[in-house]
Amino acid sequence: MKYDDIYTEAPAHADTLAHLGPLAPLAGKWYGEDGVDTHPEAEGPVAEPYHETWTFEVIDAQNNGPQVFYGLRYHVYITKPGELNAFHDQVGYLLWEPETKKIYMTLAIPRGQIAMAEGTAEPGAKTITLRAERGNLVNGICSNPFLEEAFKTKSWEIQFRFNPDGTFDYEQVTVLEIPGVGEFEHTDTNHMTMIEAPRPNPAMIMEGMLNRNPQ
């Protein structure tokens with residue numbers, strides 16, 4: 001998309017919750033205990049159960065000049081059943097651009113890897129599919145030297161499916177290239193239930209305060 005003016009900020013709404021488009025069903029805190037992680041081990045693929053919490057916090061609208069994003073800051077915390085220590089920890093943002101219907105999901109994990117997946121969806125969509133590919137400058141993947149050598153990530157795809165009862169399911173497939181093995185599909189799936197409703201973003205809270213206390 002071409003912009004004649006790349007400096008002037010476009011107007012944005014204060015109420016992010018009302019402008020999240022297809023991301024709206026994700027806002028809030030979620031818990032799931034039906035997770036299954038299939039990953040590589042020396043003896044072959046291993047499928048392990050897991051429990052997890054996803055927290056999606058509503059953020060203020062973000063501008064890149066004329067570009068406007070509405071989005072969520074998220075944290076994923078995964079444990080094995082009966083344990084407290086993290087099996088997987090992940091942070092990032094989910095961003096919706098109404099002008100283009102594009103969604104971006106960033107990922108950062110404390111094993112030295114970052115990624116950004118991209119997809120397109122309409123408001124009210126029942127599924128969202130996002131994908132990143134190694135070597136792509138727009139929706140790419142970057143890993144530390146060990147992961148790049150031993151478990152090279154070629155692609156990452158995640159799909160969210162929103163259910164009529166207000167829950168959601170997700171499935172993600174990460175394609176790895178492993179020495180002596182070749183390509184391996186590392187998969188994760190779970191069913192998530194909301195345990196805490198979302199809070200308004202700071203700009204919306206401030207607007208509400210100003211409306212109640214006009215100067």
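Look a little higher up for the structure.
Within any chain, residue numbers begin from 1 and follow the written order of that chain's sequence. Under the rules for a predicted model, residues below a pLDDT of 70 receive no local features and side-chain atom pairs below 80 are neither given nor counted, while totals for whole chains, interfaces and linings still include all residues. The side-chain figures draw on all heavy atoms in the structure; neither hydrogens nor water molecules are used.

Chemist: Sorry, what's going on with the side chain of Glu52 here?
Modeler: Relative to the helices and strands, Glu52 resides in strand 2 (residues 44–58). Here a polar contact means two N or O atoms within 3.5 Å. Within protein one must be a hydrogen donor candidate and the other an acceptor candidate, and residues neighboring in sequence count only if both atoms are side-chain atoms. Among the polar contacts made by the side chain of Glu52, one reaches the side chain of Trp54 at a distance of 2.6 Å. Two residues form a contact once any of their heavy atoms are found within 4.5 Å. Setting aside anything within four residues of it in sequence, one finds Glu52 in contact with Trp30, Tyr31, Gly32, Val76, Tyr77, Ile78, Tyr170, Asn190 and Met192. Helix and strand assignments follow DSSP, with helices taken as H or I runs no shorter than four residues and strands as E runs no shorter than two, numbered in order from the N terminus.

Chemist: Would you take a moment to explain the side chain of Glu48 for this structure?
Modeler: Take Glu48: it is sitting in strand 2. A polar contact is formed between the side chain of Glu48 and the side chain of His39, at a distance of 3.4 Å.

Chemist: In this structure, what is going on with the packing of aromatic side chains? I would like to understand it.
Modeler: The geometry of two aromatic rings is summed up by the distance between their centres and the angle between their planes. Here a pair means two rings of Phe, Tyr or Trp (six-membered ring of Trp) with centres within 6.5 Å. Their orientation is stacked below 30 degrees between planes, edge-to-face above 60, and tilted elsewhere. Applying the stated criterion across every chain, the model contains 9 aromatic pairs. Measuring from ring centre to ring centre gives 5.9 Å for Trp54 and Tyr74, while their planes differ by 25 degrees; the resulting arrangement is stacked. Here Trp54 is found in strand 2, whereas its partner Tyr74 is found in strand 4 (residues 67–79), with 20 residues between them in sequence. As far as burial versus exposure is concerned, Trp54 and Tyr74 are alike and both buried. Centroid distance Phe56 to Tyr74: 6.2 Å. Interplanar angle 40 degrees. Geometry classified as tilted. Taken together, the positions of Phe56 in strand 2 and Tyr74 in strand 4 put the pair 18 residues apart, joining distant regions of the chain. Like Tyr74, Phe56 is buried. Through pairs of rings, three or more aromatic residues link up here, namely Trp30, Trp54, Phe56, Tyr74, Phe160, Phe168 and Tyr170. Only protein chains enter the accessibility calculation, which uses a 1.4 Å probe. A residue is then buried if its area is under 20% of the maximum for its type, exposed if over 50%, and partly exposed in between.

Chemist: I would appreciate a short explanation of unusual backbone geometry in the present structure.
Modeler: Among all residues save glycine, negative phi is the norm, and among peptide bonds the norm is trans. Even without being a glycine, Lys101 presents a positive backbone phi close to 65 degrees. Here Lys101 shows up in the loop between strand 5 (88–97) and strand 6 (102–109). Exposure remark for Lys101: the relative accessible area of 26% places this residue in the partly exposed category.

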